2 protein chains.
Amino acid sequence: MHVDKRIRHAGLAAKVMTAAEAAELIDHGMTIGMSGFTGAGYPKSVPQALAARMVATHERDEPFRVRVLTGASTAPELDGALARADGIDLRLPYQSDPELRARINRGEMDYLDIHLSHVAQYAWFGFFGKIDLAVIEATAIMPDGSLMASSSVGNNKTWLDLADKVIVEVNHWQPLEMDGMHDIYYGTALPPHRKPIPLLKPSDRIGEPYLRLDPDKVIAVVETNAPDRNSAFAPLDDCSRQIAGNLIEFFRHEIARGRLDKQLLPLQSGVGNIANAVLAGLREGGFSGLNAFTEVIQDGMLDLLEHDVLSVASATSFSLSPAGIERFLDKIDFFRKRIILRTQEISNHPELVRRLGCIAMNGMVEADIYGNINSTHVAGTSIINGIGGSGDFARNGFLSCFLTPSTAKNGAVSCIVPMVSHVDHTEHDVSVIVTEQGLADLRGLSPRQRAKVVIERCAHPSYRPMLQDYFERALHNSRGKHTPHLLQEALSWHQRFLDSGDMRP
Amino acid sequence: MHVDKRIRHAGLAAKVMTAAEAAELIDHGMTIGMSGFTGAGYPKSVPQALAARMVATHERDEPFRVRVLTGASTAPELDGALARADGIDLRLPYQSDPELRARINRGEMDYLDIHLSHVAQYAWFGFFGKIDLAVIEATAIMPDGSLMASSSVGNNKTWLDLADKVIVEVNHWQPLEMDGMHDIYYGTALPPHRKPIPLLKPSDRIGEPYLRLDPDKVIAVVETNAPDRNSAFAPLDDCSRQIAGNLIEFFRHEIARGRLDKQLLPLQSGVGNIANAVLAGLREGGFSGLNAFTEVIQDGMLDLLEHDVLSVASATSFSLSPAGIERFLDKIDFFRKRIILRTQEISNHPELVRRLGCIAMNGMVEADIYGNINSTHVAGTSIINGIGGSGDFARNGFLSCFLTPSTAKNGAVSCIVPMVSHVDHTEHDVSVIVTEQGLADLRGLSPRQRAKVVIERCAHPSYRPMLQDYFERALHNSRGKHTPHLLQEALSWHQRFLDSGDMRP
């Protein structure tokens, strides 16, 4: 029997088969936990083979749909393929695939948008029912049958623990040199048996390097050699730089007032160009000795680690550009000492986010003048991606910052509105709102006080008078004046956008 | 010098003065941290004397307003008196005084509605600025100058630690027999120096019995002899009993499915008649060996402790009726072993609520068909009381249950609406909605699936067809069908209520 350097367990080496053969082992109606987080570490081959089976089955007028639970977003080979095959009955949590999103918003399938720190425990509690199968990408299978995770950890521990059966995809593209970067915490328990999580700083390792796996549960091992999604980032634009600059100026102000140390506090940073701009701004601003306790390692984090701006970064996943991957592989021994990948119930755990006092920095769709945040919906009804981990960090961190350009769609949409069309973060959970126009520090302000600073500091000049007008008329005509609103008009900007494609009259 | 059994520190006994004399030491513009939580343990005398000074000052056309920070709600002697004197510039957090509420909703003063677990740390972080003065009710002053807290702990530790100066009200009405019930945790720290909180079960004592106090900060000691607010509860009505019955039936169902143990998990229970009905229902239902990790000890909790339904109750405050007080005093030795009063940053701490896996049961104003909850506002603009600790428990607990009658105002208002007019708890944070009509279990359901069960199970029959009609038209006409809405109509029920006093056309 051939035991190569990726599949080091003889019994599991004997279970190697093609993706098509593995997909034959999957049945209609199954609940499947899959690996994958922000386009990293998802299975690349079995989902596509499963999609092909689904299409063939549907052509015979027979049903074939499954429930798909992941860590977060995956890629066309998983969410795209299964959605195109009309093979997903229910999907959770975060997703970002265009085909999947279109089907959700046409009402053709169900989607649950859950805090990323809640997913694993809800599965343990039995709230999602039985997990029939786990389909997990690994970098290697160790001699004892445990798995070296690949470029994300996400909910893999949970799916492996709970699923009746397991299919492992061993991806030869994933660098074996990642060995030692993962930290899988096995100290969790169900209440009332839970203990404190013994993590005091982002660099602490509290777990094991490999994912435990009962080899008897494995029904197939499939070998692949395929890259992660690895989307390229757009070069930093002026708007992102201005947003980042406003936030960093605020950090300096807080340091000057003695409310933040020069080394700040552990950074949590959402994904995307604004987040990368903030990271770049920290480097240019001469910060050093910082650390990150976050979800995702983006290109910007590598940069900061290389320049000692960041000492350590704790996350649950990578989300690198092709250039970022090359850089990572070039200096993997350097990065292995400075990057820790954890399970997502730990990377996002409220206990840890609060203890560490994270500085949460997340993007958004829109904010309203009273500081409520919509992170997920266009005009209140169409989902974009999902709340992700923003709530885990915004609710529990030291500072909860939300960042957006002040307008979208070439100015046709204001990202500051009278009332958000969907609430993901309430007025109780938002410290700071930042646009390229400026920064609104909402700490200690009542709703009316917040409205003034949000309109003055964050709104685009082309919308500021409209917001001012709304607020002043609401101050006069609202029944209650704690949170003044004109209910007939509060969502009219969104309706106008739906009707005319522009929020402006 | 007379050192009586309540004021056991000679230096502080020398600072005894009248409330009027103490009020002379308070200046316009001060930020004052006061004791008090759900009408218990608030200063009874100095705020009234301060209000009198304010009125006199205002009569001379001079300004006199202060910022008032408390634990939660107080009583007419504090919030009522200061509001009536137009003496509050800003108030936080939770309040429930009619006069104060009216002024907030007329826009005459600012009010900040903050998660109760966040207040102390925001003060430590400096987010509220300098705390000039603490006015704290105590049961007694100990020989070393520390304070035996009275019927609530709330944020007293924080105000005593942070304030430049301290006024102590020693209330002879508060029973000295409470000695030993309080547990003041001094292991907190600012990030990055925080450690795990060493509490593993509701009965754990992790702190000290008395509030530390530097006697040099004390500028006045005032003696009082006045009862807490002690509102009587209405007898349980049929509607409350039905709501409670529906929830308890659900608990039994969860026990039968193996998702809950017979002893449930630590109960958190909001304040009011529905909460008391749930507690009564647990007793009648034969539950035993339960425990509570909650904010407030109500009459119903005493009942459960006496009958061994509850083994222990951890909270930060009492909120007893006059009959409840008598019962408590009659058996205070019994209750002292079974009740622990903590600081509110511990009673509501996200780390602990998640670790213990609390069952959160809170009232609400309205829910929408997608599971968003409004806990605070009438028709989106007028505040009622505040979010209190509901978010601390709903976000982090094992189960997050929201309870309400299906209608209010004799049927003129539906508590299930197309879209809530204010969001305090998002769709991501709500497991179960209960009315007297039934219970909607939202776990694992997408928005459209939630809408069906909320309408079917929770809405009042007189509103059910209207909700069904809205949902069906939204399913057809909504741009996005993930969360189907008709934006022009979504808040029209509230507008109709404002226009006609009735949500029905």
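Chain A is annotated in an unreviewed UniProt entry as Acetyl-CoA hydrolase/transferase family protein of Dyella telluris.

### Looking at the packing of aromatic side chains
Summed over the entire model, instances satisfying the criterion amount to 24 aromatic pairs over all chains. Plain terms: the ring middles of A:F250 and A:F251 are 6.4 Å apart, the flat faces sit at 50° to each other, and that makes the pair tilted. The pair formed by A:F250 and A:F251 is uniform in burial state, with each residue classed as buried. One aromatic cluster is present, built from ring pairs that chain together A:Y122, A:F125, A:F127, A:F128 and B:F398. In this arrangement the basic side chain of A:K331 is found over the ring face of A:F334, its NZ or CZ atom lying 4.7 Å from the centre.

### Description of the interface of chain A and chain B
Taken together, the contact between chain A and chain B spans 82 residues of the former and 82 residues of the latter. Considering only the surface of chain A that becomes buried against chain B, A:R354, A:R395 and A:H428 emerge as the three largest contributors, covering 13% of it. On inspection of chain A and its partner chain B, the count reaches four salt bridges. Linking B:D110 and A:R448 is a salt bridge whose minimum nitrogen-to-oxygen distance equals 3.3 Å. The interface formed by chain A and chain B contains 44 residue pairs in polar contact (both at pLDDT 80 or more). The set of elements that each furnish at least two residues to the side of chain A that touches chain B consists of α5 (98-105), β4 (110-111), α14 (350-356), β20 (382-383), α15 (390-396), α16 (447-458) and α18 (492-500) of chain A. At five residues, α14(A) tops the list of elements feeding residues into the side of chain A that touches chain B. Taken together, the residues of the side of chain A that touches chain B break down into 30 nonpolar, 33 polar and 19 charged.

### Observations concerning the nonpolar core
A:F251, A:L282, B:F251 and B:L282 are the most contacted members of the largest nonpolar core, which has 161 residues in total. Apart from residues lying up to four places away in sequence, A:L282 is in contact with A:I248, A:F251, A:L264, A:L267, A:F287, A:L290, A:L304 and A:V309. A:M419, A:A474, B:A459 and B:L487 belong to the second-largest nonpolar core, a separate cluster that totals 78 residues.

### Examining the sheet that holds strand β18 (residues 373-374) of chain A
Residue and element names in this part refer to chain A. One open sheet accounts for three strands, arranged β18-β17-β24; its pairing is mixed. Where the open sheet ends on each side, the last strands, each with one partner, are β18 and β24 (416-417). As judged from the two bridges shared by strand β17 (residues 366-368) and β18, these two strands associate in the antiparallel manner. Along β18, the bridge assignment pairs E366 with N374.

Rules behind the numbers
Residues numbered from 1 in each chain as written. Chains lettered and ligands numbered in written order. Predicted model: local features only at pLDDT ≥ 70, side-chain atom pairs only at ≥ 80, totals over all residues. Heavy atoms only, no water. Phe/Tyr/Trp six-rings, centres within 6.5 Å; stacked < 30°, edge-to-face > 60°. Buried < 20%, exposed > 50% of the residue type's maximum accessible area, 1.4 Å probe, protein only. Lys NZ or Arg CZ within 6 Å of the ring centre and 35° of its normal. Contact = heavy atoms within 4.5 Å. Buried area = accessible area lost by both parts, 1.4 Å probe. Salt bridge = Lys/Arg side-chain N within 4 Å of Asp/Glu carboxyl O. Polar contact = N/O pair within 3.5 Å; in protein donor to acceptor, adjacent residues only side chain to side chain. Helix = DSSP H or I, 4+ residues; strand = E, 2+ residues; numbered from the N terminus. Nonpolar A, V, L, I, M, F, W, Y, C, P; charged D, E, K, R; others polar. Core = buried A, V, L, I, M, F, W, Y, C linked by side-chain atoms within 4.5 Å. Pairing = 2+ DSSP bridges.

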